[in-house]
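A structural walkthrough
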Amino acid sequence: MELGSYAEYAVRLVNSEEPGRGTDALTSLDELRRLLGAGTRAASLAEEADVPRLRAVRGRLRGVFESAAEGDQVRAVDLLNGLLVEYPVSPVVSGHDHLDEEGRPRWHLHLADSAATATAAYAAPAAMGLAIHLTELGVDRLGICQAAPCRNAYLDTSTNRSRRYCSDRCATRANVAAYRARKRQEAPAAGGGAAPAAPASAEVTSRG
């Protein structure tokens, strides 16, 4: 696995909560294990105490995305560095599952699965992946969806740094809302104001 792909761990954790909609998918041990992934070492280590711990990590990761989206690159990096210090990774060289045309290992860096807690097992690669994504592509590649009330995080991998929404669904919803807003603004102008007076030929004079 490319180390940068671990950045998706961060996105998945941040988006387990939707503040604008008042929803949270990380309130129990069962929900935590679903997030960590069935059969993973992190899931096997999970205990009740990991729920509030990982929710705290989630809040800090959201701070990274929100700071980046607001253009405060220094704060985004400071917050991420804090997580990297608190949840260090143990890199190892691996290649047994990746062979070249001649059957030789394709050596690459991998993260050792040796964390003592489920929180560390998830937070460490999430922070490292986000750090690699940030340093290779730029802080401005971390975003927060602009389709209210959605506040989901996303990684911008577009060629022209143009992404503004977390999904096609949110992009469509935002475009429809913008279109309807334009139509509402155009409606009064199209109406032309007060109705014109009736023509003289239509008036009836009463004679007594």
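In the block above lies the structure referred to throughout.
Presented here is an overview of the structure given in this document. (Residues numbered from 1 in each chain as written. Predicted model: local features only at pLDDT ≥ 70, side-chain atom pairs only at ≥ 80, totals over all residues. Heavy atoms only, no water.)

**Some thoughts on the packing of helix α4 (residues 50–69) against helix α5 (residues 73–86)**
Contact geometry of α4 with α5 gives a least axis separation of 7 Å together with a crossing angle of 150 degrees. Relative to α5, α4 is oriented roughly antiparallel. Considering only the axes of α4 and α5, their crossing is left-handed. Taking contact as the criterion, the partners of V57, R60, L61, G63, V64, S67 and A68 in α4 are, on α5, R75, A76, L79, L80, G82, L83 and E86. Each residue belonging to the contact of α4 with α5 can be placed in one class, and the counts come to 8 nonpolar, 3 polar and 3 charged. (Axes fitted to C-alpha atoms, helices over the stretch in contact; angles between N-to-C directions. Helix = DSSP H or I, 4+ residues; strand = E, 2+ residues; numbered from the N terminus. Parallel < 35°, antiparallel > 145°, perpendicular 65-115°, else oblique. Left-handed = near helix turned anticlockwise from the far one by under 90°. Contact = heavy atoms within 4.5 Å. Nonpolar A, V, L, I, M, F, W, Y, C, P; charged D, E, K, R; others polar.)

**Quick look at the packing of helix α2 (residues 29–36) against α4**
Contact pair α2 / α4: the axes reach a minimum separation of 9 Å and the direction vectors enclose 55 degrees. Comparing the axis directions of α2 and α4 gives the class oblique. Crossing of α2 over α4 shows left-handed handedness. The residues of α4 that touch α2, namely those facing L29, L32, L35 and L36, are D50, V51 and L54. For the contact of α2 with α4, the per-class residue count stands at 6 nonpolar, no polar and 1 charged.

**Regarding α2**
Those residues of α2 that sit buried are L29, E31, L32, L35 and L36. Buried positions in α2, seen along its axis, are confined to an arc of 160 degrees and lie on one side of it. On its buried face, α2 is in contact with α1 (7–14), α3 (41–45), α4 and α6 (118–137). (Buried < 20%, exposed > 50% of the residue type's maximum accessible area, 1.4 Å probe, protein only. Arc of directions from axis to C-beta.)

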